[in-house]
Amino acid sequence: MFQKDIETMPRNKIEELQLERLKWLVDYCMKNIPFYNKRLTEAGVTAEKIKSLKDIEYIPYTTKADIRDTYPFGLFGQPMKKIVRIHASSGTTGKPTVVGYTKQDIENWSDCMARICVAAGANDEDIVQIAFGYGLFTGALGLHYGLEKIGATVVPTSSGNTEKQIMLMQDFQTSALVATPSYAQYIGEKAKEMGVLENINLRLGLFGSEGCTIEMRDQIEKTLGIFATDNYGMSELMGPGVSGDCHYRCGMHINEDHFLAEIIDPNTEEVLEKGSQGELVITTLTKEGIPMLRYRTKDITKINYDTCKCGRTFARMDKIKGRSDDMLKIRGVNVFPSQIESVLMSFDKIAPHYQLVVTRANYSDNLEVKVELADGSLLENYGELEKLRGNIHHNLKTVLGIDTKVSLVEHKSLERFQGKAKRIVDLRNNNG
């Protein structure tokens, strides 16, 4: 463990620390951020009113819209001379969400990432290739600082230029890879195509930035011959480093001394009982640059508070099932892309590349699942092709409870992604 005394604190000590920091945070936000001062005053919340962790429910939620409405620096808690770094989301759906960090924020961030890297199995003898895009995106530099803190050798290749990535993996004897799961799989496929897969000596994958089912993880492990782990975060909260897998991979350990997690019903906004599945809400307990009070992540998961077999006492969150805003509602049925991915990955004749196309005809929604074949040989056998299509269709209907159209497409015909994979094409607004 990187910080054993913290990562193995008794539950009552964790909650005492969280309460102390929550009171500090409310007071800090009241004094330093006009937006929160107004919102907390209207809700009648002060630090003195917070007597227990349950009293967090008096605090209003913060949403991504609040960050965009106060663009660019309206939620910052320190003047710009104290902000040492700025990151931002891509802003593909409007203004980017801008976040700032003080020196202490950067220190806390690298501590959180160091814990997660060590828990996953990284050490000071690893040579780690970071194939996340560097820049305003938080992923690359978050992992970079954490890995340097544990003494690992960092190779900041950034994303793209896959053939060069593979060359450097061979020449540098890279032992660990940081990437999105979909890009890691693509690197493996490309190395196999180049005939050099056996020359790659990766042992560990530190993956994040997009969802990854266990079935997809198994595919990546099979392709690259590695132990793959997941970590979770988002720029609004800090970046990666909110939580991550240990070697038992039975839930991602939340860095609870820095983050207070709740699970709510995304529709009623009611806080749910421990162990319930719902939307993850996070309060940043130590952030100075841009603190977040009860931030609605939109991610669907559940939290386990039992001590892990690894000895860590921090609560563990399940892999993200999906996002409440990515959830597809097809003819009244809630469908998560992760459910579809789990079904598809159980078939060895298809590649781990797919696309979900949603259309509307005669006031009814329709879902087409485009699946890429593992190789071209199956195209020559119509009977086998139809049998495979029928089996996929049957399994999807069993899991989802609705009919889908299954289209088998040629190998390498679907787009590959070097960053987050874009699986959903929603055309419902195009066809009335």
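Residues numbered from 1 in each chain as written. Predicted model: local features only at pLDDT ≥ 70, side-chain atom pairs only at ≥ 80, totals over all residues. Heavy atoms only, no water.

## A closer look at the pairing of strand β18 (residues 350–361)
Note the cut-off: When DSSP finds two or more bridges between a pair of strands, those strands are recorded as paired. Starting at the N terminus, helices and strands are each numbered in turn, a helix being any DSSP run of H or I of at least four residues and a strand any DSSP run of E of at least two.
Bridge count for β18 against strand β19 (residues 364–373) is 9 bridges, and the pairing is antiparallel. When the sheet's bridge partners are listed, V358 is paired in β19 with L367. The pairing of β18 with strand β21 (residues 424–426) spans 3 bridges and is classified as parallel. When the bridges of β21 are listed, V358 appears paired with D426.

## Brief notes about the environment of I303
Put simply, the rule is: Throughout this description, buried means an accessible area under 20% of the type-specific maximum (1.4 Å probe, protein chains only), exposed means over 50%, and partly exposed covers the range between. Should any heavy atoms of two residues lie within 4.5 Å, those residues are considered in contact.
Within the secondary structure layout, I303 lies in strand β13 (residues 303–304). We classify I303 as buried; its relative accessible area is 5%. Considered as a pair, I303 and M327 are 24 residues apart in the sequence and their alpha carbons are 20 Å apart. Every residue in contact with I303, bar those within four places of it in the chain, is listed here: I254, A261, I263, G275, L280, A315, R316 and M317.

## Some points on the sheet that holds strand β7 (residues 227–234)
Read from one edge to the other, the open sheet built from 9 strands follows the order β4-β3-β5-β6-β7-β8-β9-β14-β13, with strand pairing classed as mixed. Strands with a single pairing partner mark the edges of an open sheet, and in this sheet they are β4 (153–155) and β13. Both β13 and strand β14 (residues 316–317) contribute to a ladder of 2 bridges, which runs antiparallel. Bridging from a neighbouring strand, I303 pairs with M317 of β14.

## Here's the deal with the side chain of H253
Selection rule: In the analysis that follows, any N or O atom pair within 3.5 Å is treated as a polar contact, provided that within protein one partner can donate a hydrogen and the other can accept it, and provided that, for residues neighboring in sequence, both atoms belong to side chains.
Mapped onto the secondary structure, H253 falls in strand β9 (residues 252–254). A polar atom in the side chain of H253 sits 3.4 Å from the backbone oxygen of F314.

## As for the packing of helix α7 (residues 162–172) against helix α8 (residues 181–194)
For any two helices packed against each other, the geometry comes down to the angle between their axes and how far apart the axes lie. As a reminder of what qualifies: Inter-axis angles, ranging from 0 to 180 degrees, are taken between N-to-C directions of lines fitted to C-alpha atoms, where helices are fitted over the stretch in contact. Orientation is classified from the angle alone, with under 35 degrees giving roughly parallel, over 145 giving roughly antiparallel, 65 to 115 giving roughly perpendicular, and any other angle giving oblique. Ten residues, namely Ala, Val, Leu, Ile, Met, Phe, Trp, Tyr, Cys and Pro, are considered nonpolar, four, namely Asp, Glu, Lys and Arg, are considered charged, and the remaining ones, Gly among them, are considered polar.
At their nearest, the axes of α7 and α8 sit 10 Å apart, and the two run at 75 degrees to each other. On the basis of the axis angle, α7 is roughly perpendicular to α8. Contacts between α7 and α8 involve T162, E163, Q165, I166 and M169 from the first element and Y183, Y186, I187, K190, A191 and M194 from the second. The class makeup of the residues in the contact of α7 with α8 is 7 nonpolar, 2 polar and 2 charged.

## Here we look at the sheet that holds strand β10 (residues 259–264)
Spatially, β10-β11-β12-β15 is the arrangement adopted by the 4 strands of the open sheet, whose pairing is antiparallel. Two strands in the sheet have a free side with no partner beyond their single neighbour: β10 and β15 (322–323). Where strand β12 (residues 295–301) meets β15, 2 bridges bridge the pair, whose relative direction is antiparallel. Residue D299 lies in a different strand from β15, and its bridge partner there is R323.

## Structural notes on helix α5 (residues 103–120)
The condition is simple: Here, expected helix span is obtained from the residue count minus one, scaled by 1.5 Å.
Helix length check: α5 (18 residues) gives 26 Å between terminal C-alpha atoms against 26 Å at 1.5 Å per residue, within 8%. Across the 18 residues of α5, 14 count as buried, placing the element largely inside the fold. One or two positions beyond α5, positive phi appears at G121, with a value near 120 degrees.

## Some points on empty space enclosed by the protein
The condition is simple: Lining residues are defined by having an atom within 4 Å of a point belonging to a cavity or pocket. Those points lie on a 1 Å grid over the protein atoms alone, cavities being sets where a 1.4 Å probe fits but cannot get out and pockets being open sets with protein on both sides within 12 Å along at least five of seven lines. Grid points are joined across faces, edges and corners, and a volume is the space filled by probe spheres set on the points.
A full pass over the atoms with the stated rule returns 4 cavities of 30 Å³ or more. For the largest cavity, the calculated volume is near 50 Å³. Forming the boundary of the largest cavity are E7, R115, I116, A119, G244, H253, N255, R312 and F314. For the lining of the largest cavity, the element with the highest residue contribution is α5, accounting for 3 residues. A breakdown of the residues in the lining of the largest cavity according to their chemical character gives 3 nonpolar, 3 polar and 3 charged. Lining the second largest cavity, in full, are D105, N108, L237, M238, H258, F259, T284, L285, T286 and K287. Here the residues of the lining of the second largest cavity are counted per class, giving 4 nonpolar, 4 polar and 2 charged.

## Observations concerning the packing of aromatic side chains
The line we're drawing: Centre distance within 6.5 Å is the pairing criterion for rings of Phe, Tyr and Trp, where only the six-membered ring of Trp is used; planes under 30 degrees apart are then read as stacked, over 60 as edge-to-face, and the remainder as tilted.
The tally for this structure, following the rule as stated, stands at 6 aromatic pairs. Ring geometry for W24 versus Y28: centroids 4.8 Å apart, planes at 25 degrees, classification stacked. Here the residue W24 and the residue Y28 both occupy positions in helix α2 (residues 11–32), the gap between them amounting to 4 residues, near one helical turn. Residue class for W24 comes out partly exposed when judged on its relative accessible area of 36%. An angle of 40 degrees between the planes, with centres 5.1 Å apart, marks the rings of F73 and F76 as tilted.

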